[in-house]
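Given next are the chains, with one letter for each unit.
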Amino acid sequence: MFDYESLRVIWWALLGTLLIGFAIMDGFDFGVAGLLKVLGRDNEERLVLLEGIEPTWEGNQVWFILAGGATFAAWPMLYAVSFSGMYLAIALVLLALILRPVGFNFRGKIHDPRWASLWDWILSGSGFVVMLVAGVAFGNLFLGVPFRFDGDLRMSWQGGFFDLLHPFALLCGLVSLSMLLAHGACWAALKADHVIAVRAVKIARWMTLLFAALYVLAGVWLAYGIPGYAVVGPVVTDGVSNPLYKQVAQGGSWFAGYMQYPWFWIAPLLALVSAVGVQALIGRRSVAGFIASSLMVGSTIASAGFALFPFLLPSSLDPRSSLTVWDASSSRGTLQLMLIVTAVLLPIVMLYTSWVYRVMRGRITLEQVRKAHGGY
Amino acid sequence: MIIDTDVVTLSRLQFALTALYHFLFVPLTLGLVWMLAIMESVYVMTGREVWKRMVQFWGVLFGINFAMGVATGVTMEFQFGMNWAYYSHYVGDVFGAPLAIEGMMAFFLEATLVGVFFMGWDRISRIKHLLVTWFLALGTSLSALWILIANAWMQHPVGAAFNPQTMRMEVTSFSEVFFNPVAQDKFVHTVSAGYVMGAMFVLSISAWYLLRGRNVDFAKRSMTVAASFGLAAALSVVVLGDASGYTVSLNQKMKMASIEAMWHTEPAPASFTLFGIPDVQQRKTHFAVKIPWVMGLIGTHSIDETMPGIAELVDAAKGRIGNGIQAYDAMLMLRQDKDNVQAKATLAAHDQDLGYALLLKKYVDDPRQATPADIQKAADSTIPNVPVLFWAFRIMVGCGFYFIALFAFSFWKASTRQLDTQRWYLRLALWSLPLPWVAIELGWIVAEYGRQPWAIEGVLPTALGVSSVSAGQVLTSLGGFVLFYTALAIVDVMLMRKFIRKGPDGLGIWPSSSSPSPLAGEGEELAAHSRQSAQ
């Protein structure tokens, strides 16, 4: 049906789509959770915020599970190297994610302000951890990570948790944090009682401003301060998936792709235009404002993916071991089958997801919450 | 490459603990959700409010359990990459697909609908809500299907071949992977076990209410559903367990021989050792009480096929290690020159034994340098832990037959409307509550501990599958899991107890008297709970 090269490009795009799906869908859940204590001044207000994400957050989180599963199936080496290499960072995210399902469910099960407050802190903290670490991890992709393969394609990694905390990576963490807090605030502006929505609008505006500034700063730093990677010699796009068959040099620019394909610029420009859009729209038309923040999230991730292309995970230790779109994928048969499966199933998923959002539509008011919970 | 045995041990410990812990919650979700679907169907068909309230009450408990299942499930997917990186690389091309399909086909469905199940009662029509519950149930079972397809491939790796250029297994036939006979037996056996657990949960807790004289109507109805559903499930779990045993004996002869502690091949049909003390040192079973013919019938479904014993299988393994070394040598030659025709032919002839050469990596860096003593050690290492398998299997099977008896008796009691006439029966039903957990956890120990030393049977030894992480890192994450999981277990049990003790009457879901009208206005607290039960 498709040749190996096309399948790899399609799966690169699909990986991006799943990550963007995760960031847009689950991102606002993390954002709302992160802002729980800021937006919600008392228990009732926090209940309003939680009820705004409760019916749908679980489905949203599947975007993350699926992004993980699809990486395993389509990019097994990327999955193996990144998850084992960044071991403690991933473990941290994992522990944060473990607390979310139970947090949402258990919080209201005991009527005690200390109990509720404990879970508020936990949900909020786990939101912060995931938003930050995701950004830091992405930042490290540009810096290159210290791994190499031996002849059996067994990976070894030289470095620990604290090596991931390079200032540029931390900046990327802040980009991710401000972006998703803005996105979460936009959801709260759309979904929560007007008392809370007014606060959310303010935060959304500040956070998009902060995001735009940090995003531009990161871009400038990337252009002038971080050397890029490039495949040297012949690029075989439909060969076997063995990273050691190529040569890679460090020292070019991460913007090389942008020079080669000028349409890549659409992504960063859209990210900034959407940030302006959030500023303009969120106070008056919250649905449009939320769409703008979704575009902002999606195009930011796309702009990073474009800069990296064709790299998935560059190696600073042994550049030749770097994983690229052309040599880290599954076999052609697996990519093909998974593409068919995705083409059939993902639209169905989107169909029933939108049905659920429609059933659960409408602003959650303080009135409703008081009536339903009698205070808790 | 030297594999750090501490990392292997710690990674295995972490995987085993987190998997066994995860499976405390999964089967209850699998079973309880169908009970909810049945109860809600009765509600929609009869329009009687009590059935809706039953769905809501058991739904609260389902919600607590579901959250734990989801929370601990994420760990499983992450761990392959974190702790088993070489495994992920070596078999990701095959193994990743069912996991990804599980996400798309099943987990999305259940996770998206569970919110509507809890919070949608007033927002959608009865029929639509019923459909949501049914699809939720379908989603959980489909989820099990794909996970078990992945697991079955670890037990019986079909439809894949080794590619020396990418140093990994690659798919040759997805239909063989998806329609793996082991997967089908395992799926029905595993979900049936979950259904038994769900039924036992409802049966036991309802029995407790009857012992206390509380929620009598409510509990009797619940018990009736549990008894019929449980009887069907218990029969299925034993019958399909037998089918599962049959496929194991076809594909994992060593596992079968170890379960039976059959040290040497017996003349067909082999006898079943009901009781005995397996002695690993002397390779014999003391005080064996044997039932003639039974094992041969279970294992071969015939009376004239022999089942190989452990000693004979170790000899066979030695031969496969020899072939594997040739395959390994050919693989290294192909790495130098990928067009070497002779090496290609050698690899093609022996690639199904390549994994056996990899067993040697535990003792020697280059399998081609292995001494006869190394080969003997590697062959001996193919014997799993016989006493553990022997006993785990027998306790599991014993539980299975007990479930049939208990549910059959319960079914008779329910049919003759005598559920609350004998207190000893109610006590028996109550105290049987932990048994499905015992049986199911032991079942997984038989399946996975019995697969050792392989991660993928005959293809990839477990020790080779680990990541290049340090023991300190694994210890850190393991400590984190132990801490979090212990805290969550305490909270889970505390909440379950709280809501069970409160009961439908205490929660205002259904009045404690047998009056058919619900207490007006007291459904509020329930509404709040079922709303919060969303995840």
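Keep in mind the model is a prediction, meaning the values are calculated, not measured.

**A few points about the pairing of strand β3 (residues 272-279) of chain B**
Residues and elements named next belong to chain B.
Phase 1 of the analysis: Both β3 and strand β4 (residues 284-291) contribute to a ladder of 6 bridges, which runs antiparallel. Of the residues in β4, the one forming a bridge with F275 is V289.
Phase 2 of the analysis: Here β3 folds back onto β4, and the loop between the two strands holds 4 residues, one of which, R283, carries a positive phi near 55°.

**Overview of the UniProt feature "transmembrane region" (unreviewed entry) in chain A**
Phase 1 of the analysis: According to UniProt, the "transmembrane region" (unreviewed entry) feature falls on residues 12-36, 87-106, 118-144, 164-182, 203-224, 263-282, 289-313 and 333-357 of chain A.
Phase 2 of the analysis: With 100% helix and 0% strand, the stretch residues 203-224 of chain A has end C-alpha atoms that lie 31 Å from each other.

**Details of a nonpolar patch on the surface**
All names here are of chain B.
Phase 1 of the analysis: On the surface, L274, F275, I277, F287, V289, I291, W391, I395 and V438 cluster together to form a nonpolar patch covering roughly 780 Å² of accessible area.
Phase 2 of the analysis: Of all the secondary-structure elements, those providing two or more residues to the nonpolar patch are β3, β4 and α14 (386-415).
Phase 3 of the analysis: Here V438 shows up in helix α16 (residues 435-449).

**Section: the packing of aromatic side chains**
Phase 1 of the analysis: In this structure the tally under the stated criterion is 69 aromatic pairs over all chains.
Phase 2 of the analysis: Geometrically, the ring pair formed by F72 of chain A and Y79 of chain A is stacked, given 4.3 Å between the ring centres and 20° between the ring planes.
Phase 3 of the analysis: Residue F72 of chain A is classed as buried on the basis of its relative accessible area, which comes to 0%.
Phase 4 of the analysis: With 6.0 Å between their ring centres and 25° between their planes, F255 of chain A and W265 of chain A make a pair best called stacked. Separated by 10 residues along the polypeptide, F255 of chain A in the loop between β4 (247-253) and α9 (256-260) and W265 of chain A in the loop between α9 and α10 (266-281) bring together distant segments of the chain.
Phase 5 of the analysis: Over the face of the ring belonging to Y86 of chain B we find R154 of chain A, whose NZ or CZ atom lies 4.1 Å from the ring centre.
Phase 6 of the analysis: The ring of F390 of chain B carries R394 of chain B above its face, with NZ or CZ at 3.7 Å from the centroid.

**Observations concerning the pattern of salt bridges**
Residue and element names in this part refer to chain B.
Phase 1 of the analysis: All told, the structure shown has 21 salt bridges over all chains when counted by the stated rule.
Phase 2 of the analysis: Of the charged contacts, one joins R394 and E260 as a salt bridge, the two residues approaching to 2.7 Å between their closest N and O atoms. Of this pair, R394 sits in helix α14 while E260 sits in the loop between α8 (253-259) and β3, and the two are 134 residues apart along the sequence. Neither R394 nor E260 differs from the other in exposure class; each is buried.

**Points about unusual backbone geometry**
Most of the time, phi is negative for any residue but glycine, and the peptide bond is trans.
Phase 1 of the analysis: Note that the residue after F309 of chain A, namely P310 of chain A, is joined by a cis bond; omega there is 5°.
Phase 2 of the analysis: Structurally, P310 of chain A is set in the loop between α11 (286-308) and β5 (311-313).
Phase 3 of the analysis: Looking along the chain, the bond that leaves Q452 of chain B and enters P453 of chain B is cis, with omega of 10°.
Phase 4 of the analysis: Structurally, P453 of chain B is set in the loop between α16 and β5 (454-456).
Phase 5 of the analysis: In this model, L153 of chain A sits at a positive phi of 60°, which is unusual for a non-glycine residue.
Phase 6 of the analysis: Relative to the helices and strands, L153 of chain A resides in the loop between β1 (147-149) and β2 (155-157).
Phase 7 of the analysis: The exposure class of L153 of chain A is buried, given its relative accessible area of 1%.
Phase 8 of the analysis: One non-glycine residue with positive phi stands out, namely A261 of chain B, at about 50°.

**A look at the environment of S321 of chain A**
Residue and element names in this part refer to chain A.
Phase 1 of the analysis: Structurally, S321 is set in the loop between β5 and β6 (323-324).
Phase 2 of the analysis: In this structure S321 comes out as buried when scored by relative accessible area, which is 0%.
Phase 3 of the analysis: Sequence spacing of S321 and D150 is 171 residues, and the spatial spacing of their C-alpha atoms is 9.1 Å.
Phase 4 of the analysis: Not counting residues within four places of it along the chain, the set of residues in contact with S321 comprises F147, R148, F149, P243, L244, K246 and S315.

**Section: the environment of A232 of chain B**
Phase 1 of the analysis: Tracing the backbone through its elements, the reader meets A232 of chain B in helix α7 (residues 216-251).
Phase 2 of the analysis: On a C-alpha basis, the gap between A232 of chain B and A408 of chain B in space is 9.2 Å, while along the polypeptide they are 176 residues apart.

Cut-offs and rules
Residues numbered from 1 in each chain as written. Chains lettered and ligands numbered in written order. Predicted model: local features only at pLDDT ≥ 70, side-chain atom pairs only at ≥ 80, totals over all residues. Heavy atoms only, no water. Pairing = 2+ DSSP bridges. Helix = DSSP H or I, 4+ residues; strand = E, 2+ residues; numbered from the N terminus. UniProt positions renumbered as here; feature names shortened; annotations may be inferred. Patch = residues over 30% accessible without salt bridge, like charges linked within 9 Å, V, L, I, M, F, W, Y side chains within 5 Å. Areas by Shrake-Rupley, 256 points an atom, 1.4 Å probe, with all protein chains shown as cover. Salt bridge = Lys/Arg side-chain N within 4 Å of Asp/Glu carboxyl O. Phe/Tyr/Trp six-rings, centres within 6.5 Å; stacked < 30°, edge-to-face > 60°. Buried < 20%, exposed > 50% of the residue type's maximum accessible area, 1.4 Å probe, protein only. Lys NZ or Arg CZ within 6 Å of the ring centre and 35° of its normal. Contact = heavy atoms within 4.5 Å.

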